[in-house]
Amino acid sequence: MTQDAPLKGLKVIELARILAGPWIGQTLADLGAEVIKIEAPEGDDTRKWGPPFVERPDGQGGTEVTAAYFHAANRGKTSVICDFSDADDLARLKEMIAGADVLVENFKVGGLKKFGLDYDSISALNPRLVYASVTGFGQEGPRAKQPGYDFLIQGMSGIMDLTGDPEGEPQKIGVAWIDIFTGLYGVIGIQAALAERERSGLGQHVDLSLLDCGVGVLANQATNYLLGGTVPKRLGNAHPNIVPYQVFPASDGHLIIACGNDRQFAALCRVLGLEGLETNPDYATNPARVANRGPLCEQIAAATAQHGKADLIAALEAAGVPGGPINTVAEALEEPQILSRGMRIAPQGIEGLRTPIRFSRSELSLDRAAPVLGQSGDQPAC
């Protein structure tokens, strides 16, 4: 029997725009929450961040033109237009918040206080509310008042100094990586606060900083520095702790080879006709391979360049060596595994990607596209 989505019955008010905050709302909506997106009369900025654009009926006999970017982060919500400077609109919004479980906002620190929408004011109105704030730098600290944007935070967090060709300029990630991570950490924080509310009966403020999240996912690169004392630098497509674990040339392009242990390295040597390297003291163990990265990878590259990508990937798979292609976005979205897992969805005819979580009993809620501006469903307009 099909079960309801896990968060059915949870009511969320979203006072957020662009990406990190809306990503929280969309994930909660996929998980079954009722998410009401509060928009200024002109709408979320990303409604205009195109091309490409999607044209659809606006529900009033006309056509709405909305950027694909907006559809990437706002599926499953309703939209209510609210002018904070209008006393009646503001009063109706507070009535909605009084009956909500969660509020998500990404205004500058202190920006909502003049409207009585800050945490202290709202928690007095609704003590059970979980109130999540997304800012560039958090609610306190020397940079708290400064605006933060994903690109700038990628630079500040250290990730750009680790990304790109070591002989070239630092590179940002190809999507707004820190916004997305902050959105996911936001969902985790909100769900943890809801679980704690079951014990205490009270909501609380969840404080999310783009910079905190960007630094927080430096993972092994941060601990390499903290415990090893050496500042990590860009290695292109190579791995700082494992060799061989990078891109290699083929006769018709490039592929990835990722050997995580000595057994896989020995199997790689057999596939490439490089028998003997696996017993060479310079290469027999991973620490030795890391120390002798350059000469080893030159020999591997010379061997892989003699093979076509598809044939070599097949040979690696047969030998138990992790290897794979470097897909375009189009190829990734047509990957049979992605299609079989149902990652591509088209609610109300608008294609997108679902939240990548599957449950043994529960279903996601994926039947509604991103809302037309002011498309409030059963919600009262502000």
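Since the structure is predicted, the reported quantities are computational estimates derived from the model, not experimental observations. (Residues numbered from 1 in each chain as written. Predicted model: local features only at pLDDT ≥ 70, side-chain atom pairs only at ≥ 80, totals over all residues. Heavy atoms only, no water.)

Peer 1: Before we move on, can you summarise the environment of valine 271 with the specific residues and values?
Peer 2: Examined against the element boundaries, valine 271 turns out to sit in helix 9 (residues 262-271). Expressed as a C-alpha distance, the spacing of valine 271 and alanine 318, which sit 47 residues apart in the sequence, is 9.5 Å. Beyond its immediate chain neighbours, meaning those up to four positions away, valine 271 contacts Leu312, Ala315, Leu316 and Ala319. (Helix = DSSP H or I, 4+ residues; strand = E, 2+ residues; numbered from the N terminus. Contact = heavy atoms within 4.5 Å.)

Peer 1: Tell me about the packing of aromatic side chains, and please be specific about residues and values.
Peer 2: Here the distance between the centres and the angle between the planes together describe a pair of aromatic rings. Scanning the model with the defined rule gives five aromatic pairs in all. Consider the rings of tryptophan 177 and phenylalanine 181, whose centres lie 5.1 Å apart with planes at 85 degrees: the pair is edge-to-face. On the criterion of helical spacing, the pair formed by tryptophan 177 and phenylalanine 181 is a turn pair, its members being four residues apart in helix 6 (residues 177-200). Under the relative-accessibility criterion, tryptophan 177 is labelled buried at 16%. The rings of Phe84, Phe107 and Phe115 are connected pair by pair, giving a single aromatic cluster. (Phe/Tyr/Trp six-rings, centres within 6.5 Å; stacked < 30°, edge-to-face > 60°. Buried < 20%, exposed > 50% of the residue type's maximum accessible area, 1.4 Å probe, protein only.)

Peer 1: Outline the nonpolar core, supporting the account with residue identities and numerical values.
Peer 2: Membership of the largest hydrophobic core comes to 34 residues, with the highest contact counts inside it found for Val12, Ile24, Leu28, Val102 and Ile190. At the level of secondary structure, the elements contributing two or more residues to this core comprise helix 1 (20-30), strand 6 (102-105), strand 7 (130-135), helix 6, strand 8 (205-209) and helix 7 (210-216). The dominant element in this core, judged by the number of residues it contributes, is helix 6, at six residues. Counting 23 residues, the second-largest nonpolar core is a separate cluster that includes Ala250, Tyr283, Ile313 and Leu316. (Core = buried A, V, L, I, M, F, W, Y, C linked by side-chain atoms within 4.5 Å.)

Peer 1: Explain the environment of methionine 343 to me, using residue names and the numbers behind them.
Peer 2: Mapped onto the secondary structure, methionine 343 falls in the loop between helix 14 (336-340) and strand 12 (344-345). The sequence separation of methionine 343 and aspartate 262 amounts to 81 residues, and the corresponding C-alpha distance is 34 Å. Excluding residues within four positions of it along the chain, methionine 343 makes contact with Ile338, Gly352, Leu353, Arg354 and Pro356.

Peer 1: An account of the side chain of threonine 27 is requested, with residue identities and associated values reported.
Peer 2: Topologically, threonine 27 is positioned in helix 1. Its relative accessible area of 6% is what places threonine 27 among the buried residues. Every residue in contact with threonine 27, bar those within four places of it in the chain, is listed here: Val187 and Thr355.

Peer 1: Give a description of the sheet that holds strand 10 (residues 253-258) that names residues and reports values.
Peer 2: Strand order in the open sheet formed by three strands is 9-10-11, with antiparallel pairing between adjacent strands. Whereas interior strands pair on both sides, the edge strands pair on one side only; in this sheet they are strand 9 (245-250) and strand 11 (323-324). Taken together, the two bridges between strand 10 and strand 11 define a ladder with antiparallel strand orientation. In the strand pairing of strand 11, isoleucine 256 is matched with glycine 324. In the packing of helix 11 (residues 293-304) onto the sheet, the strands contacted are strand 9 and strand 10, and the crossing angle to strand 9 comes to about 40 degrees. In this fold helix 12 (residues 309-319) packs onto strand 9, strand 10 and strand 11, with an angle of close to 15 degrees to the strand it touches most, strand 10. (Pairing = 2+ DSSP bridges. Axes fitted to C-alpha atoms, helices over the stretch in contact; angles between N-to-C directions.)

Peer 1: Hey, could you go over the state of the cysteines for me, with residue numbers and the actual values?
Peer 2: Following the criterion strictly, the structure yields zero disulfides and no others. Of all cysteine sulfurs, the one in cysteine 259 lies closest to cysteine 297, which takes part in no disulfide; the gap is 9.9 Å. With relative accessibility at 9%, the residue cysteine 297 sits in the buried group. (Disulfide = S-S within 2.5 Å.)

Peer 1: Residue-level account of helix 9, with values.
Peer 2: By the burial criterion, the buried members of helix 9 are Gln264, Phe265, Ala266, Ala267, Leu268 and Cys269. In this fold, the buried residues of helix 9 make contact with strand 10, helix 10 (286-291), helix 11 and helix 12. Backbone nitrogen of arginine 263 and a side-chain oxygen of the N-cap are separated by 3.1 Å at the start of helix 9; the cap is asparagine 261. One or two residues past the end of helix 9 sits glycine 273, with phi positive at roughly 70 degrees. (Polar contact = N/O pair within 3.5 Å; in protein donor to acceptor, adjacent residues only side chain to side chain.)

Peer 1: Please give an account of helix 11 that cites residues and values.
Peer 2: End to end, helix 11 covers 16 Å across twelve residues, agreeing with the expected 16 Å (1.5 Å per residue, within 8%). Looking at helix 11, one finds that the buried residues are Arg293, Leu296, Cys297, Ile300, Ala301, Ala303 and Thr304. The buried side chains of helix 11 occupy one side of the element, clustering within an arc of 160 degrees when seen end-on. Residues of helix 11 that are buried sit in contact with strand 9, strand 10, helix 9, helix 10 and helix 12. (Expected span 1.5 Å × (residues − 1). Arc of directions from axis to C-beta.)

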